[in-house]
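A structural walkthrough
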Amino acid sequence: MFNNDWDAVLQQEIEKPYFEELCTKIVEEYENHTVYPPKEDIFRALKQTPYKDTKVVILGQDPYHGPGQAEGLSFSVKPGVRIPPSLHNIYKEMTADLGISAPSHGSLMHWANQGVLLLNAVLTVREGQPNSHKGLGWETFTDAVIAQLNERNTPMVFILWGSYAQKKGAIVDRSRHMVLESSHPSPLAARRGFFGSRPFSRANAFLEEKGIKPVKWDIPNQPDTKK
């Protein structure tokens, strides 16, 4: 299903009745409505970033709901799509934090390929209807993903932007993992604590302290391809 070690890690979860029901509902949604991301990208975050390679988790809410935007990674859009306001602010903070230039595109595949799990709480959405797939069962599944990561002995960084992500990440063991919290990067909230929070340098400092290779946050102008 994921074509990496997530298959074994999540095997019991995907055999549960709720997950079977969820999959049935999602198939119906794709048949009867325009739904994002494309079917093959629903599990892109897990396919792109194996369990054993995960160093950082950036938690989002649900996919972008505009045509051609969502590519299955939180906050990321397909190359050639206009950079959304929240991602623009993420790039702005990255530049302020690390002194590196923002790329000309909005694909965060470069981060995913280095062990940054870009996980949305809900993995699908109807076109033009944010939160339309809230409550279908995705939240239970992504809670299980977070729980499995939390159980890992290898320390990692959880970046939780906004109250929704912070509630979802409340189970994380902070004695083992680093949790970085701030307001959301959306234009409505970014000035209330996101700007100046320096999540990128702080995440790398923690990883280096634990003997883990830091993330190269600077994204090339030529987007990474899918594996």
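Our subject in this report is the structure included herewith.

**Things to note about the packing of helix α5 (residues 85-98) against helix α9 (residues 199-209)**
Relative orientation of the contacting elements α5 and α9 amounts to 60°, with a least axis distance of 7 Å. For the element pair α5 / α9, the angle class is oblique. Across the interface between the two elements, Ile90, Glu93, Met94, Asp97 and Leu98 from α5 touch Pro199, Phe200 and Ser201 from α9. Residues belonging to the contact of α5 with α9 are distributed by class as follows: five nonpolar, one polar and two charged.

**Things to note about the side chain of Ser201**
By secondary structure assignment, the location of Ser201 is in helix α9. Side chain to side chain, Ser201 and Asp97 meet in a polar contact 2.6 Å long. If near-sequence neighbours (up to four positions away) are discounted, Ser201 is found in contact with Asp97 and Leu98.

**Looking at the pattern of salt bridges**
Within this structure, the stated rule accounts for eight salt bridges. Here Glu29 and Arg126 are joined by a salt bridge, their closest N and O atoms 2.7 Å apart. In this pair, Glu29 is assigned in helix α3 (residues 17-32) and Arg126 in strand β4 (residues 125-126), connecting sequence segments 97 residues apart. Look at Arg126 and you get partly exposed, because its relative accessible area is 22%. Among the salt bridges present, the one from Asp53 reaches Lys52, with a minimum N-O distance of 3.2 Å. For Lys52, a relative accessible area of 59% puts it in the exposed group.

Rules used in this analysis
Residues numbered from 1 in each chain as written. Predicted model: local features only at pLDDT ≥ 70, side-chain atom pairs only at ≥ 80, totals over all residues. Heavy atoms only, no water. Axes fitted to C-alpha atoms, helices over the stretch in contact; angles between N-to-C directions. Helix = DSSP H or I, 4+ residues; strand = E, 2+ residues; numbered from the N terminus. Parallel < 35°, antiparallel > 145°, perpendicular 65-115°, else oblique. Contact = heavy atoms within 4.5 Å. Nonpolar A, V, L, I, M, F, W, Y, C, P; charged D, E, K, R; others polar. Polar contact = N/O pair within 3.5 Å; in protein donor to acceptor, adjacent residues only side chain to side chain. Salt bridge = Lys/Arg side-chain N within 4 Å of Asp/Glu carboxyl O. Buried < 20%, exposed > 50% of the residue type's maximum accessible area, 1.4 Å probe, protein only.

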